[in-house]
Amino acid sequence: MIKSSLIEQSRIQLKHLITTYFQWYGCHLQINGGFLGELVLTKCSRPNNLILHDHHNNSKKSQEFKEIFLGIMKEAGRPNVVDFFPMLRKLDPQGARARMNNYFGKLIDFFDGLVEERLERETKLSTDVLDSLLEFMMEDNSQVTRPHLLHLFLDLFVAGTDTTSSTIEWAMSELLRNPEKLEQVRKELQQVIGKDEQEQIEESYITKLPYLRAVVKETFRLHPPIPLLVPHKSEDNVEICGFMVPKDAQVLVNVWAMGRDSNIWRNPDEFLPERFLENDVDFKGQDFELIPFGAGRRICPGLPLASRTIHIVLASLLYNYDWKLANGKKKEDIDMSETYGITLHKTHPLHVISIQA
Ligand code: HEM
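Reading the values: the criteria
- Residues numbered from 1 in each chain as written.
- Predicted model: local features only at pLDDT ≥ 70, side-chain atom pairs only at ≥ 80, totals over all residues.
- Heavy atoms only, no water.
- Donors = N, O, S within 2.8 Å, 3.2 Å for Na, K, Ca; no water.
- Helix = DSSP H or I, 4+ residues; strand = E, 2+ residues; numbered from the N terminus.
- Near = heavy atom within 4 Å.
- Polar contact = N/O pair within 3.5 Å; in protein donor to acceptor, adjacent residues only side chain to side chain.
- Nonpolar A, V, L, I, M, F, W, Y, C, P; charged D, E, K, R; others polar.
- Salt bridge = Lys/Arg side-chain N within 4 Å of Asp/Glu carboxyl O.
- Buried < 20%, exposed > 50% of the residue type's maximum accessible area, 1.4 Å probe, protein only.
- Expected span 1.5 Å × (residues − 1).
- Core = buried A, V, L, I, M, F, W, Y, C linked by side-chain atoms within 4.5 Å.
- Phe/Tyr/Trp six-rings, centres within 6.5 Å; stacked < 30°, edge-to-face > 60°.
- Patch = residues over 30% accessible without salt bridge, like charges linked within 9 Å, V, L, I, M, F, W, Y side chains within 5 Å.
- Areas by Shrake-Rupley, 256 points an atom, 1.4 Å probe, with all protein chains shown as cover.
- Axes fitted to C-alpha atoms, helices over the stretch in contact; angles between N-to-C directions.
- Parallel < 35°, antiparallel > 145°, perpendicular 65-115°, else oblique.
- Left-handed = near helix turned anticlockwise from the far one by under 90°.
- Contact = heavy atoms within 4.5 Å.

Novice: Explanation requested: the coordination of the iron atom of the ligand in the structure shown.
Specialist: Four donors placed tetrahedrally around a metal ideally meet at 109.5 degrees, and six donors placed octahedrally ideally meet at 90 or 180 degrees. Within the protein, just one atom coordinates the iron atom of the ligand: Cys-300 (SG), at a distance of 2.3 Å. Among the secondary structure elements, Cys-300 is positioned in the loop between helix 10 (255–259) and helix 11 (303–320).

Printed below as a string of structure tokens:
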């Protein structure tokens, strides 16, 4: 039930959402974690949201959530000496772990408040993921407890929001820098979905949109959200391609560098989605040259949800609206500098103006 509810949550009525956003903020949008993050995990659902369904974007709760969340992102982005000298971990010389624990504690309290609110409610206003999980928790002999639920939401928000939203921001930036590729995606969308204004982007369209899929792959190649994946530890001495990896070594996989390796990719620094029309390379963990979600038994469990969300959000943004850069900027002015936080995101957010298509 939870799975189908999550899948249902990923079916998005974006047109309505974007329209609402425009009503709040006007047509000038900052396509970054703020807008997209909220869109991806708190509002992208039809007709419901994951858990913040009842809270307006500018409500106190929503603001509180954003502040904690931004604190976590900022903290995660600070370089920490412990990452290079793990033996210092226990000492926490920069106080990073203490600060992070404090933020996580606040986030757990925040989710707990939402759970309490929902449990106290007499009439059901909605059915969202939180409702489904609460029903599950209340079943007789349920193995799901309240702490399980709170930590599940912690995982979902921390692992799933910034990664997904930064990918969409990079994809939009690349497309706006390459108008002919943008046109190509729009052409494909018009051909496959048609020109019916009422049409929603459904999940089933994704398989019929090869160019859009190629754009997403190319975005992952150039801008993997977690450029060094998550550190792994070697269980034994292993020899890989002539290199000895000793037992207990911390292993970081530099997927950012792999994506730009000229031994693997032709014109690696260019945004060329077409390269993926010529082969079956995908990011699902089978093709080691493109593994933004990792591979093997610890591959990201959110891959299917992230993949659906990114394709549907991107298709909806491009199908329903034309976009141009804000403040009279030209494509050459788009700053593609990167800043490392929990994810690799744009140093300068993308500012765009929508024009109803
Ligand atoms: C573009 C989007 C995303 C990317 C690129 C991404 C990437 C990754 C990577 C590289 C890892 C570590 C894999 C490894 O250990 O080698 C990971 C782990 C994880 N991801 Fe994602 N992720 C994304 C979205 C999501 C979403 C939407 C969720 C959940 C809603 C999620 C949940 C998790 C969890 C729970 C783990 C830890 C798994 C474990 O410890 O075994 N991720 N992700």
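The discussion continues.
Novice: Mind showing me how you'd approach the site of the ligand here?
Specialist: Every one of the 22 residues lining the ligand counts as a neighbour, but Leu-156, His-232, Phe-293, Arg-298 and Cys-300 are closest to it. Separating an oxygen atom of the ligand from a side-chain N or O atom of His-232 is a distance of 2.8 Å. Arg-298 is positioned with one of its side-chain polar atoms (N or O) 2.6 Å from an oxygen atom of the ligand. Looking at the shell around the ligand, the elements that each hand over two or more residues are helix 7 (146–177) and helix 11. By residue number, the principal contributor to the shell around the ligand is helix 7, which donates six residues. Its residues assigned to classes, the shell around the ligand shows 14 nonpolar, seven polar and one charged.

Novice: Is there a simple way to think about the pattern of salt bridges in this case?
Specialist: Proximity of charged atoms lets side chains of opposite charge pair with each other. Under the counting rule described, the total for this entry stands at 16 salt bridges. Salt-bridge contacts for Arg-118 lead to Asp-131; the nearest nitrogen and oxygen are separated by 3.1 Å. Residue Arg-118 is found in helix 5 (residues 96–120), and its partner Asp-131 is found in helix 6 (residues 129–138); the two are separated by 13 residues along the sequence. By relative accessible area, which is 7% here, Asp-131 ends up buried. Asp-282 serves as the salt-bridge partner of Lys-284, at 3.7 Å between the closest nitrogen and oxygen. For Lys-284, a relative accessible area of 45% gives the class partly exposed. In the salt-bridge network here, residues are joined through shared partners; they are Asp-112, Glu-116 and Arg-146.

Novice: When you look at helix 4 (residues 60–77) in this model, what are you seeing that I'm missing?
Specialist: Side chains of residues three or four places apart in an α-helix project in the same direction, reflecting 3.6 residues per turn. The end-to-end C-alpha separation of helix 4 is 26 Å, in line with the 26 Å expected for 18 residues at 1.5 Å each. Listing the buried residues of helix 4 in full gives Ser-62, Phe-65, Ile-68, Phe-69, Gly-71, Ile-72, Met-73 and Glu-75.

Novice: Looking at this structure, I do not really get the nonpolar core. What am I missing?
Specialist: Soluble, globular proteins show a tendency: their nonpolar side chains are buried together. Grouped together as the largest cluster of nonpolar side chains are 45 residues, with contacts concentrated most on Met-172, Leu-176, Val-185, Leu-189, Leu-314, Leu-318 and Trp-323. Of all the elements in the fold, those that place two or more residues in this core are helix 7, helix 8 (179–193), helix 9 (210–222), helix 11, strand 6 (321–325) and strand 9 (350–356). Looking at which element gives the most residues to this core, the answer is helix 11, with 10 residues. If you look at the next biggest cluster of nonpolar residues, it comprises 23 residues, including Phe-69, Met-100, Val-129 and Leu-134.

Novice: For this particular structure, what's the right way to read the packing of aromatic side chains?
Specialist: Aromatic rings considered in pairs are described by the distance between their centres and by the relative angle of their planes. Within this structure, the stated rule accounts for nine aromatic pairs. When the ring of Phe-220 is compared with that of Phe-283, the centres are 4.9 Å apart and the planes differ by 65°; the resulting orientation is edge-to-face. Remark: Phe-283 occurs in the loop between helix 10 and helix 11 and Phe-220 occurs in helix 9; sequence separation between them is 63 residues. Classification of Phe-220 by relative accessible area gives buried; the value is 3%. Ring centres of Phe-283 and Phe-293 lie 5.6 Å apart, and the angle between their planes is 35°; this geometry places the pair in the tilted category. Placement of the pair is Phe-283 in the loop between helix 10 and helix 11 and Phe-293 in the loop between helix 10 and helix 11, with a sequence separation of 10 residues. Look at Phe-283 and you get buried, because its relative accessible area is 2%.

Novice: What am I meant to see in a nonpolar patch on the surface here?
Specialist: Together, Phe-84, Phe-85 and Met-87 give the surface a local cluster of nonpolar side chains, amounting to about 410 Å² of exposed area. You can see Phe-84 is positioned in the loop between helix 4 and helix 5.

Novice: Which parts of the structure should I look at to understand the environment of Phe-136?
Specialist: In this structure, Phe-136 sits in helix 6. Since its relative accessible area comes to 31%, Phe-136 is described here as partly exposed. Residues Phe-136 and Met-258 lie 122 residues apart in sequence; the distance between their C-alpha atoms is 42 Å.

Novice: Mind showing me how you'd approach unusual backbone geometry here?
Specialist: Backbone phi values are negative for most residues with the exception of glycine, while trans is the configuration of most peptide bonds. A positive phi is found at Asp-92, a non-glycine position, where the angle reads about 45°. Note that Asp-92 resides in the loop between helix 4 and helix 5. For Asp-248, which is not glycine, the phi torsion reads 70° and is therefore positive. Within the fold, Asp-248 resides in the loop between strand 4 (243–245) and strand 5 (250–251).

Novice: How should I be thinking about the packing of helix 5 against helix 7 in this particular structure?
Specialist: Any two packed helices are characterised by how steeply their axes cross, that is the angle between the axes, and by the distance between the axes. In the contact formed by helix 5 and helix 7, the axes pass within 10 Å of each other and the chain directions differ by 120°. Looking at the two axes, helix 5 sits oblique to helix 7. Seen from above, helix 5 lies across helix 7 with right-handed handedness. Residues Phe-104, Leu-107, Ile-108, Phe-111, Asp-112, Val-115, Glu-116 and Leu-119 of helix 5 lie in contact with helix 7, whose contacting residues are Arg-146, Leu-149, Leu-150, His-151, Phe-153, Leu-154, Phe-157 and Val-158. Counted by class, the contact of helix 5 with helix 7 contains 12 nonpolar, one polar and three charged residues.

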